[in-house]
Amino acid sequence: ETGVTQSPTHLIKTRGQQVTLRCSSQSGHNTVSWYQQALGQGPQFIFQYYREEENGRGNFPPRFSGLQFPNYSSELNVNALELDDSALYLCASTGSAGGMETQYFGPGTRLLVL
Amino acid sequence: GNSVTQMEGPVTLSEEAFLTINCTYTATGYPSLFWYVQYPGEGLQLLLKATKADDKGSNKGFEATYRKETTSFHLEKGSVQVSDSAVYFCALINRGGSNYKLTFGKGTLLTVNP
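Residues numbered from 1 in each chain as written. Chains lettered and ligands numbered in written order. Predicted model: local features only at pLDDT ≥ 70, side-chain atom pairs only at ≥ 80, totals over all residues. Heavy atoms only, no water.

**Student:** Tell me what's going on with the sheet that holds strand β7 (residues 64-68) of chain A, and back it up with residues and numbers.
**Tutor:** Residue and element names in this part refer to chain A. An order of β1-β3-β8-β7 is seen for the four strands of this open sheet, with the pairing classed as antiparallel. Two strands close off the open sheet at either side, each with one partner strand: β1 (5-7) and β7. Direction aside, neighbouring strands of the sheet carry axes that sit 20 degrees apart on average. When β1 meets strand β3 (residues 19-24), the two strands line up antiparallel, connected through three bridges. Within the sheet, the bridge partner assigned to Q6 lies in β3 and is C23. (Pairing = 2+ DSSP bridges. Helix = DSSP H or I, 4+ residues; strand = E, 2+ residues; numbered from the N terminus. Axes fitted to C-alpha atoms, helices over the stretch in contact; angles between N-to-C directions.)

Structure (structure tokens):
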């Protein structure tokens, strides 16, 4: 178990709605990354936050936005949901293991858009 | 850009068989390489990692060696168990450039039969 937690575990929304997903980092980790994993695919990088600032973004539209809080927990917000947004959303916090920065993943939030 | 290519699955083996899952990569700079495992209905768990050429990562009987000359990081295990049934992802972080995101392969589903 990594110590990274996510909520909720499952969520069902309809097209056009908005959703907020939450992530608590492992203690001491100040960097959080979000990934989208479509069924049968590898995770795709959405964005990363470091000390409350966005630190890089993947190829996702602006309706995907995020926040990081002073306690390093994070939110992923998705506006105007589309059917293709149905996926497993993974949060990862970055820590050092053996002198090397490594991303540790939470269990994910499974989003279904109808 | 960065990319990871894994052998197509699914892979089906009998218990105690030898496992190889091939992984090759394309990256600028000096990537760190990872194998993550995803059990059914769960998030990603770090299995092993390597940071430089000729490093060997190992964990739970799994091994992978960072081969810069062939840009490969093949996963091996000498004797698989039913409990190893999962999806395996090869991934990289490019330390030479924008090293904040993991780039994943599409994953390889392994099924081990008793």
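**Student:** Describe the pattern of salt bridges, listing the residues and the values that go with them.
**Tutor:** All chains considered together, the criterion is met by eight salt bridges over all chains. A salt bridge links D84(B) to K77(B); the shortest N-O distance between them is 2.8 Å. For the pair formed by D84(B) and K77(B), the shared burial category is buried. Linked by salt bridges that have partners in common, R63(A), E82(A) and D85(A) make up one network. (Salt bridge = Lys/Arg side-chain N within 4 Å of Asp/Glu carboxyl O. Buried < 20%, exposed > 50% of the residue type's maximum accessible area, 1.4 Å probe, protein only.)

**Student:** Describe the interface of chain B and chain A, listing the residues and the values that go with them.
**Tutor:** Contact with chain B, which involves 19 residues of that partner, is made by 23 residues of chain A. For the pair chain B and chain A, the summed buried surface comes to about 1,500 Å²; carbon and sulfur atoms form 64% of the total. Run the count over chain B and chain A and you get zero salt bridges. Counting only elements with at least two residues in the side of chain B that touches chain A, the list comes to β5 (31-38), β6 (44-50) and β10 (86-94) of chain B. Residue composition of the side of chain B that touches chain A, grouped by class: 10 nonpolar, five polar and four charged. (Contact = heavy atoms within 4.5 Å. Buried area = accessible area lost by both parts, 1.4 Å probe. Nonpolar A, V, L, I, M, F, W, Y, C, P; charged D, E, K, R; others polar.)

**Student:** Quick one: what's the story with the packing of aromatic side chains, residue by residue and with numbers?
**Tutor:** Scanning the entire structure with this criterion turns up 12 aromatic pairs over all chains. Between the aromatic rings of F105(A) and Y36(B), the centroid separation amounts to 5.3 Å while the plane-to-plane angle is 85 degrees, which identifies the pairing as edge-to-face. Of this pair, F105(A) sits in strand β10 (residues 100-105) while Y36(B) sits in strand β5, each in a different chain. The pair F105(A) / Y36(B) is uniform in exposure class, with both members buried. Three or more aromatic residues link up through ring pairs in this structure, and these residues are Y35(A), F45(A), F105(A), F34(B), Y36(B), F89(B) and F104(B). (Phe/Tyr/Trp six-rings, centres within 6.5 Å; stacked < 30°, edge-to-face > 60°.)

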